[in-house]
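Below are the chains, spelled out letter by letter.
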Amino acid sequence: MKITIIGGGATGSNMLFLIRNLKAEFTLIDMDRVERKNIMAQFHTMMSLGKNKALSLQQALKGLFGLTIKGIPHKLKADNVEALLGGSDLVVDCTDNKEVRLVIQGFVKAKDIPCVHCSLSADGDFGRVVWTDLFNPEQETPGVPTCEDGAFLPFFGFAAAVMALVVQKFVEHGVKESYQIMPNQILRLA
């Protein structure tokens, strides 16, 4: 199974760390560079400062676990979505950008590719892990910082773990589950 993950930040980096043992071929797409503030809430190291996030995680997972992933240091856009997401068996949206989410959703719907999305509030009190049929990018909070000081790392890690579990259940059993997440509660939506 080919799993393509868009976003190597707070959710994507931690989720990828947790699904590393799945029998799958992983591709990670992210154009951003690792900044000092990212170290506080993301699965990046001080040695990765200044490096592209996708390539940083590619190197870290290879070094720590011998896992080979394909890192793509580009921004996903309408003019490259076919090249970057085409051939995927599962798309995992870990972005915080409405424009990119609309491109992802439009492509996966047109190509009938399963896609799960994770969205988090900037204040660490709400998150959703949902499949495309339940996801409306128009209702999501536009690109807000989610990991400036690492204060919400436990919640972001919790959301990444739920996302990892959802991906694992889909890969191993073909099951699609969606959740609403709050610091003191998790609700299964479907």
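The preceding data block contains the structure.
Given the structure is predicted, the values throughout are model-derived calculations rather than measurements. (Residues numbered from 1 in each chain as written. Predicted model: local features only at pLDDT ≥ 70, side-chain atom pairs only at ≥ 80, totals over all residues. Heavy atoms only, no water.)

The subject of this paragraph is helix H5 (residues 98-111). Helix length check: H5, at 14 residues, gives a terminal C-alpha distance of 20 Å against a target of 20 Å (1.5 Å per residue), a fit within 8%. Of all the positions in H5, only Val100, Arg101, Val103, Ile104, Gln105, Phe107 and Val108 are classed as buried. In this structure, the buried residues of H5 make contact with strand E1 (2-6), helix H4 (81-85), strand E4 (90-93) and strand E5 (115-120). Of the residues one or two after H5, Asp112 is the one with positive phi, at around 55 degrees. (Helix = DSSP H or I, 4+ residues; strand = E, 2+ residues; numbered from the N terminus. Expected span 1.5 Å × (residues − 1). Buried < 20%, exposed > 50% of the residue type's maximum accessible area, 1.4 Å probe, protein only. Contact = heavy atoms within 4.5 Å.)

Our focus in this paragraph is the packing of aromatic side chains. Inspection of every chain in the model, using the stated rule, returns four aromatic pairs. Arranged with centres 5.1 Å apart and planes meeting at 50 degrees, the rings of Trp131 and Phe170 form a pair that is tilted. Residue Trp131 is located in strand E6 (residues 127-131), and its partner Phe170 is located in helix H6 (residues 153-173); the two are separated by 39 residues in the primary sequence. Using a relative accessible area of 12% as the deciding quantity, one classes Phe170 as buried. Centre to centre, the rings of Phe155 and Phe156 are 6.2 Å apart; their planes meet at 55 degrees, and the pair counts as tilted. Judged on exposure class, the residue Phe155 and its partner Phe156 are both buried. Through successive ring pairs, a cluster of aromatic residues spans Phe17, Phe43 and Phe65. Here the guanidinium or amino end of Arg20 rests over the ring plane of Phe17, the centre of that ring lying 4.4 Å away. Above the plane of the ring of Phe65 lies Arg20, whose end atom (NZ or CZ) is 3.9 Å from the centre. (Phe/Tyr/Trp six-rings, centres within 6.5 Å; stacked < 30°, edge-to-face > 60°. Lys NZ or Arg CZ within 6 Å of the ring centre and 35° of its normal.)

What follows is about the sheet that holds E1. Strand pairing within a sheet occurs via backbone hydrogen bonds; the two strands may be parallel or antiparallel. The sheet built from eight strands is open, its strands ordered E3-E2-E1-E4-E5-E6-E7-E8 with mixed pairing. Edge positions in the sheet fall to strand E3 (70-72) and strand E8 (185-188), since each has one partner strand and no second. Across the sheet, the axes of successive neighbouring strands diverge by a mean angle of 15 degrees, strand direction being ignored. Each of strand E2 (25-29) and E3 is contacted by helix H3 (residues 53-65), which is oriented at about 165 degrees to E3, the strand it contacts most. (Pairing = 2+ DSSP bridges. Axes fitted to C-alpha atoms, helices over the stretch in contact; angles between N-to-C directions.)

Bringing the pairing of E2 into the picture now. Where burial is concerned, most of E2 is hidden: four out of the five residues are buried. Taken together, the five bridges between E1 and E2 define a ladder with parallel strand orientation. Among the inter-strand pairings, Thr4 is bridged to a residue of E2, identified as Thr27. Taken together, E1, helix H1 (residues 10-18) and E2 constitute a β-α-β crossover, and its handedness is right-handed. By the bridge criterion, three bridges tie E2 to E3 in an arrangement that is parallel. Each residue of the ladder has a partner; that of Leu28, found in E3, is Gly71. (Right-handed = clockwise from strand over helix to strand, strands pointing away.)

Time to look at unusual backbone geometry. The residue Asp112 is not glycine, and still its phi comes out positive at about 55 degrees. Within the element layout of this structure, Asp112 appears in the loop between H5 and E5.

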